[in-house]
Amino acid sequence: MTADPDRIYPSAYHKSSASCSSRNQSVSAMIKQGFISDPILSPSRHSPPPTFGATANPTLFEIMASDHARDPNPPSACQKKLQERVSEVLSYAPFRICNLWGVGDVRLTLGSRVPDGDTGDPGYRVTVDVHRRVLAARSRFFAERLRRSGPHMVEILECDDVAVYLEAVVLMYSDQLKIKLLGRDVPKTLALLKICSAIMFEDGVKACLEYLEAVPWTEDEQESVVSHLNELQFDSSRTDSILERVIAEPSTPSRADEVFLKLSMGLLQAKDEKARKEMKSLTFQLLREDDGCDKNKIHVSRDTMYHICHRSLSSLVLCLSGATSVDENNRNRGSLMAEIAREADNIQWIVGILIDRKMGEEFVKLWAEQKELAVFHSKIPTVYRHEISKITAQLCISIGKGQVLVPKETRFSLLSTWLEALYEDFTWMRTAGKSIDKKQIEEGLCQTILTLPLSQQQSILLSWFDRYLNRGDDCPNIQNAFQIWWRRAFLKHYSMESRMQLAVYDAPH
C-alpha cells in the first residue's frame, strides 16, 4: 500500500478532480519533499508503505528546526510573527495528543505564498500529522481526497494565512465550536469563516456565522463583514439575520419624512438643554454626511422641512407677544425670555439644515416678511432677543457665500426688515456667545449689501456710516462694503454698449 500524495492550491478548492498532469506534478513535488521515494532510485513496488508512528509526529521545536534547516536565511519580522501564531495554535492542538487520538495517518503540509521580496511574504510552511477519520467526517473537501484507507499526504499551498488554516483544522477536533470562538475579534473570525467555507467545514461555517450574528462590530468591521459575506455568496437564509443590523429597507420619501419629523419634534421640545444641544449637533452632522452621498441620500421633503420652520416661527411669535405684555416684575417673564432664546435657537438649527440641503431660498423670503415679529423684537430687552438676530446674520453669511440665491427684491426686503435689529443686538451677539464669528458676520453683511442695486447700497451704507461714527465697535464694521460702493459710485463708471450687429438677407430661391 502506498501513500496518497495530494498537493492542493486554495484557488482549486471546489474543483471535482485534478488533471493527470497536475497529479504528476504533485507526485514530483512530494518526491522533492521526501514524502515518497523516487521510483528511479527505489522502485515503489519494493518500498514499504509509509507509516506515521509516534516519533513521526514532531514536536513544535522539531518543526521549527526543520523549517529553519530548509531555509538558511534568517526569518523576517513577518515570518517570526507567523511562527509565533503557529506556535500558539499548536500549543493546544488536540491532534498532537497521541494517547488521546492515536497516531496521525494524514501528513498535512500548509504553506503560505512563495517568498516575495517586494511584499515581504515569508513563504512559510508547517507540517503536522492529523487524523483521517476526523478530517473526512468534518470536511467534504478532505472527505473527497481521503477516500482510501491508510496513510495520506496532503499539501495545501499558497495559503493566505497558514495559522488560520491550522486553526480550522484544530476546530475539527472540537464539538463545542462556539465556545472555542469566544474572545476572538471579528477580523480573525472572518478569516476563519473564509477557510471553513473553502474546505467545506460546515460546522465551522455555522459556528462563525452564529458568532458574527451575536457580537458587536465597529463601523470599519461592518464594512468587512458585508464584503466577506457577499464574496462568499452564502444562501441569503444563512446571512439575513447577520446583515439585518446594517441593511434596511430602501428609504422612501414618506418613511424618511416620518423619521425626521419625529426626531425634529423631539429635539425642538426637549427639556434637558445639554442633551438637546448635543443631539441637535449630532443630527446636523449626520445630515451633512448624508448630503455628500447622492446614491443613498435621505429624502426629506421640502414640505416637511418648512412645516417645522412654520411651527417654530409661530412659537417664536407667540413667545414674543407674551413677553411684551408681561410686567417686568412678573416671575414668568424670565421663563418667557428663555423660551424666546430657545425658539430662536431652534430656527437657527433648521435654517442650517435648509442651507446645507440647498433649500434655503424660501426661508429668506419667509424671514424677510416677518414684519410683526420684527416689531415685537424691538420691544424686548437685548439680552433676551439677540438670539433672533443670529438668524439674520446666518442668512446674510449664506447669501454672501453664494449658498443661497434669492432675487434682489428679497435681499433688500431682508435687510429692510432686520438690519436695524442686527445693529442693535450686535454687541450682545459678539460678547454673549462663542458661536459667533464677528468677522464672518461683517463679511456676510458686506457681500449681501454689495449685491443690491447701487442706489440701495448707498441708502444702507450712508445710514450705517452715521451709526458707526456714534457707536464704534458696538456696530458691525462694514467699511469694506463702503469703500467698494464709493468707488463704484464716484470713481469708476461703467456703461453697456451693444456690439451686436444683425443683418437680414433674402434667402436665395
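The text that follows walks through the structure, step by step, so that each part is easy to find. (Residues numbered from 1 in each chain as written. Predicted model: local features only at pLDDT ≥ 70, side-chain atom pairs only at ≥ 80, totals over all residues. Heavy atoms only, no water.)

Moving on, we get to the overall build of the protein chain. Scanning the protein chain for helices and strands turns up 23 helices and four strands. Across the 509 residues in the protein chain, those meeting the buried criterion constitute 42%. Partitioning the contacts of the protein chain with sequence separation of at least 6, the portion at a separation of at least 24 is 77%. Accessible surface for the protein chain amounts to roughly 29000 Å². Of this, 52% is attributable to carbon and sulfur atoms. (Helix = DSSP H or I, 4+ residues; strand = E, 2+ residues; numbered from the N terminus. Buried < 20%, exposed > 50% of the residue type's maximum accessible area, 1.4 Å probe, protein only. Contact = heavy atoms within 4.5 Å. Areas by Shrake-Rupley, 256 points an atom, 1.4 Å probe, with all protein chains shown as cover.)

In this section: helix H3 (residues 77-91). Helix length check: H3 (15 residues) gives 21 Å between terminal C-alpha atoms against 21 Å at 1.5 Å per residue, within 8%. Residues of H3 that are buried: Gln79, Leu82, Val86, Val89 and Leu90. Taken down its axis, H3 places every buried residue within 95 degrees of arc, on the same side. Exposed residues on H3 whose side chains face more than 90 degrees from its buried face are Ala77, Lys81, Glu84, Glu88 and Ser91. (Expected span 1.5 Å × (residues − 1). Arc of directions from axis to C-beta.)

Moving on to the packing of helix H20 (residues 408-432) against helix H22 (residues 454-471). When two helices pack together, their arrangement is given by the angle between the helix axes and the distance between those axes. Running from N to C, H20 and H22 point in directions that differ by 0 degrees, and their axes come no closer than 12 Å. Relative to H22, H20 is oriented roughly parallel. Here Phe412, Leu415, Leu419, Glu420, Tyr423 and Glu424 of H20 lie close against H22, whose contacting residues are Gln456, Ile460, Ser463, Trp464, Arg467 and Arg471. Considered class by class, the residues forming the contact of H20 with H22 number six nonpolar, two polar and four charged. (Axes fitted to C-alpha atoms, helices over the stretch in contact; angles between N-to-C directions. Parallel < 35°, antiparallel > 145°, perpendicular 65-115°, else oblique. Nonpolar A, V, L, I, M, F, W, Y, C, P; charged D, E, K, R; others polar.)

Another point: the nonpolar core. Counting residues in each nonpolar core, the largest one holds 70 residues, and the members touching the most others are Ile340, Phe363, Trp367 and Leu414. Sequence-distant contacts of isoleucine 340, defined by excluding residues within four places in its chain, comprise Leu316, Cys319, Leu320, Ala323, Ile380, Tyr384 and Ile388. (Core = buried A, V, L, I, M, F, W, Y, C linked by side-chain atoms within 4.5 Å.)

With that settled, the discussion passes to the packing of H22 against helix H23 (residues 479-491). Between H22 and H23, the shortest axis-to-axis distance is 10 Å and the interhelical angle comes to 135 degrees. In terms of their interaxial angle, H22 and H23 are classed as oblique. In terms of crossing hand, the pair formed by H22 and H23 is left-handed. Contact residues: H22 offers Leu454, Gln457, Gln458, Leu461, Leu462, Trp464, Phe465 and Tyr468, while H23 offers Gln479, Ala481, Phe482, Trp485, Arg488 and Ala489. For the contact of H22 with H23, the class distribution of residues is ten nonpolar, three polar and one charged. (Left-handed = near helix turned anticlockwise from the far one by under 90°.)

What follows is about the packing of aromatic side chains. Counted under the stated rule, the structure contains twelve aromatic pairs. Where tryptophan 101 meets tyrosine 173, the ring centres are 4.8 Å apart and the plane angle is 90 degrees; that geometry is what we call edge-to-face. Taken together, the residues span a long stretch of sequence, with tryptophan 101 in helix H4 (residues 98-101) and tyrosine 173 in the loop between helix H7 (162-171) and helix H8 (177-181) at a distance of 72 residues. Arranged with centres 5.4 Å apart and planes meeting at 55 degrees, the rings of phenylalanine 482 and tryptophan 485 form a pair that is tilted. Taken together, the residues span about one helical turn, with phenylalanine 482 and tryptophan 485 both in helix H23 at a distance of three residues. What makes phenylalanine 482 buried here is its relative accessible area of 17%. (Phe/Tyr/Trp six-rings, centres within 6.5 Å; stacked < 30°, edge-to-face > 60°.)

Below, the discussion takes up unusual backbone geometry. For glutamate 158, which is not a glycine, the phi torsion comes out positive at approximately 55 degrees. Turning to its location among the elements, glutamate 158 is positioned in strand E4 (residues 152-159). Unlike most non-glycine residues, glutamine 233 shows phi in positive territory, near 55 degrees. Of the residues examined, glutamine 233 reaches a relative accessible area of 68% and is grouped as exposed.

Taken together, the side chains of Met279, Leu282 and Leu286 make up a nonpolar region of the molecular surface, amounting to roughly 250 Å² of accessible area. Inspection of the secondary structure assignment puts methionine 279 in helix H14 (residues 273-291). According to the relative accessible area criterion, methionine 279 is partly exposed, its value standing at 40%. (Patch = residues over 30% accessible without salt bridge, like charges linked within 9 Å, V, L, I, M, F, W, Y side chains within 5 Å. Salt bridge = Lys/Arg side-chain N within 4 Å of Asp/Glu carboxyl O.)

Under the criterion given, the structure shown has 27 salt bridges. With its nearest N and O atoms 3.0 Å apart, the salt bridge here joins lysine 390 to glutamate 387. One end of the pair is lysine 390 and the other is glutamate 387, both in helix H19 (residues 382-400) and three residues apart, which spans about a single turn. Comparing lysine 390 with glutamate 387, the two get one shared label, buried. Linking aspartate 474 and arginine 430 is a salt bridge whose minimum nitrogen-to-oxygen distance equals 4.0 Å. Highlighted residues: aspartate 474 in the loop between H22 and H23 and arginine 430 in helix H20, separated in sequence by 44 residues. Since its relative accessible area comes to 30%, aspartate 474 is described here as partly exposed. Relative accessible area serves as the criterion here: at 28%, arginine 430 is assigned to the partly exposed category.

Our next topic: the side chain of glutamate 387. Using a relative accessible area of 16% as the deciding quantity, one classes glutamate 387 as buried. Discounting chain neighbours no more than four positions away, the residues touching glutamate 387 are Ala341, Ala344 and Gln348.

Of all eight residues making up E4, seven are buried, and the element is well covered by its neighbours. Both strand E2 (residues 106-112) and E4 contribute to a ladder of six bridges, which runs parallel. What sits directly across from threonine 109, in E4, is glutamate 155. (Pairing = 2+ DSSP bridges.)

Turning next to empty space enclosed by the protein. If you walk through the whole model with that rule in mind, you get one cavity of 30 Å³ or more. By volume, the largest cavity is sized at about 40 Å³. Residue assignment for the lining of the largest cavity shows that the elements contributing at least two residues are E2 and H7. Examining the composition of the lining of the largest cavity, we find that three residues originate from one element, H7, more than from any other. Classifying every residue of the lining of the largest cavity gives nine nonpolar, no polar and no charged. (1 Å grid on protein atoms, 1.4 Å probe; cavity = no way out; pocket = protein on both sides within 12 Å on 5 of 7 lines; lining within 4 Å. Points joined across faces, edges and corners; volume = space filled by probe spheres on them.)

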